[in-house]
Amino acid sequence: MMKENSSCSCCSVGRGTEGPAETIALETKQTIKEIDKMVRIEGGSFMMGTNAKEAFPADGEGPVRKIEVKSFLLDQYAVTNTEFRRFVEDTGYVTEAEIFGWSFVFHDFVMKGLPSKRVPQTPWWHGVHGADWKHPEGPGSSIDTRGNHPVVHVSWNDAAAYCNWAGKRLPTEAEWEYAARGGMEQKVYPWGDELTPDGVHYCNIWQGDFPNQNTMEDGYAGTAPAESFPPNGYGLYNMSGNAWEWCADWFTRSHHNKGGRVNPAGPGNGDAKVLRGGSYLCHVSYCNRYRVAARTSNTPDSSTGHMGFRCAADIT
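Analysis parameters
Throughout, residues of each chain are indexed from 1 in the direction in which the sequence is written. Residues qualify for local features only when their pLDDT is at least 70, as the model is predicted, and side-chain atom pairs are given and counted only at 80 or more; totals for whole chains, interfaces and linings, by contrast, use all residues. Hydrogens and waters are ignored; side-chain quantities use all the structure's heavy atoms. Strands are runs of DSSP state E lasting at least 2 residues, helices are runs of H or I lasting at least 4, and numbering of each runs from the N terminus. What the globule rule says is 2.2 Å times the number of residues to the power 0.38, and the radius of gyration is computed from C-alpha atoms. When a residue's accessible area, from a 1.4 Å probe over protein chains only, is under 20% of the maximum for its type it is buried; when over 50% it is exposed; and in between it is partly exposed. Residues are treated as being in contact if the distance between any of their heavy atoms lies within 4.5 Å. In this tally Asp and Glu are treated as negative and Lys and Arg as positive; neither His nor the chain ends contributes. By convention, the point assigned to a charge is CZ for Arg, NZ for Lys, CD for Glu and CG for Asp. Axes here mean lines fitted to C-alpha atoms, for a helix over just the part in contact, with angles spanning 0 to 180 degrees between N-to-C directions. Here is the rule for angles: anything less than 35 degrees is roughly parallel, anything more than 145 is roughly antiparallel, 65 through 115 is roughly perpendicular, and the remaining ranges are oblique. Each residue is assigned to one class: nonpolar for Ala, Val, Leu, Ile, Met, Phe, Trp, Tyr, Cys and Pro, charged for Asp, Glu, Lys and Arg, and polar for all the others, Gly among them. The nonpolar core is taken to be a set of buried Ala, Val, Leu, Ile, Met, Phe, Trp, Tyr and Cys residues, with the residues joined through side-chain atoms within 4.5 Å. Should a side-chain nitrogen of Lys or Arg be within 4 Å of a carboxyl oxygen of Asp or Glu, the pair is scored as a salt bridge.

Caption draft 1: Inspection of the overall build of the protein chain at higher detail. Helix and strand content of the protein chain: four helices and 14 strands. A globule of 316 residues ought to have a C-alpha radius of gyration of about 20 Å, and the protein chain, at 18 Å, matches this closely. Expressed along its principal axes, the backbone C-alpha trace of the protein chain runs to roughly 50 × 45 × 35 Å. Buried positions account for 57% of the 316 residues belonging to the protein chain. Taking all contacts inside the protein chain whose residues are at least 6 apart in sequence as the whole, residues at least 24 apart take part in 74%. In the protein chain, the 30 positive side-chain charges and the 38 negative ones have mean positions that sit 4 Å from each other.

Right, dumping it as structure tokens:
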């Protein structure tokens, strides 16, 4: 029986309490795979979060606070379908969406005739039987032409398993935001304060009337290739839009001394994990969460057609 999180949106729709899954440890000592796609991010301090009027206070975007992070490596772009396939072929790993037998698909992408369950609070989300990373819209769909797109329908636990295999880890939320800012201080987006400077699209988000009509002015209805659009100042692609990215941290709305101010790793426990960056479904009228300080969360076993991840690694 399908269950969904009662507090869901275009940003985050999650499973209920049933399911496989204790969260997977992130520690690993094996050789880093695909290190050539990683960027060295030099450590430093930055002002994390925002006090801006467009922030969602309930999401814990503020207050602005000074944070220090040490140097680390971060994938230049999100883990792709091709990369995730190599992991599955090497390990035989089965994702949680495959174990559950279903995952969440945006209503425009649900293939006709497939059994599905509409989420009452957000009817644009459907739980679709047979939807998973290999079949993003359900049985009959495939990733054959989307090898360079970010893998989606992966839970936090799936992402952590991939990281372990790759000799990497998920980035902390502080590392993610520090990297996303690309060396700029308190800008709205990874490239500055204007969404489309000189009329140029810098990210894959919704244009038009959400959730009814997407004019696709940026060129995409669903995911775009992981290296689409201009990179930020650190050479990182799609830190806004395209697919939400899992972070290592448990989610909290309060940041007063939680995890300290030097290399913070978030609370020691919780019910949901942090997601950053927004997705192709974000729109200013409903989910203005493609801003660099924006955040959301979901349970570690949840998966959707707009959630993926990129990996980090320590510098030794």
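Anyway, onward from the coordinates.
Caption draft 2: Focus on the packing of helix H1 (residues 81-91) against helix H3 (residues 156-166). Where H1 contacts H3, the axes come no closer than 11 Å and their chain directions differ by 75°. It follows that H1 is roughly perpendicular to H3 by the angle criterion. Contact residues: Glu83, Phe84, Arg86, Phe87, Asp90 and Thr91 in H1; Asp158, Ala161, Tyr162 and Trp165 in H3. Residues that form the contact of H1 with H3 fall into these classes: five nonpolar, one polar and four charged.

Caption draft 3: Local environment of the side chain of His149. Here His149 lies in the loop between strand E7 (125-129) and H3. Here His149 falls in the buried class, since its relative accessible area comes to 10%. Setting aside chain neighbours within four positions, we find His149 in contact with Val79, Thr80, Asn81, Thr223, Ala224, Pro225 and Ala226.

Caption draft 4: The arrangement of the nonpolar core in detail. Phe84, Tyr162, Leu170, Trp246 and Phe309 are the most contacted members of the largest nonpolar core, which has 31 residues in total. Contributions of two or more residues to this core are made by H1, H3 and strand E10 (244-250). When residues of this core are assigned to their parent elements, the largest contribution, eight residues, is made by H3. In this view, Tyr162 contacts Glu34, Val79, Glu83, Phe84, Phe87, Phe309 and Cys311; residues no more than four positions away in its chain are not counted.

Caption draft 5: Up close: the pattern of salt bridges. Evaluated as defined, the whole model comprises 17 salt bridges. Between Arg169 and Glu175 there is a salt bridge, and its shortest N-O distance comes to 2.8 Å. As far as burial versus exposure is concerned, Arg169 and Glu175 are alike and both buried. Look at the salt bridges and you will find they share partners, linking Glu173, Glu177, Arg181, Arg276 and Arg295 into a network.

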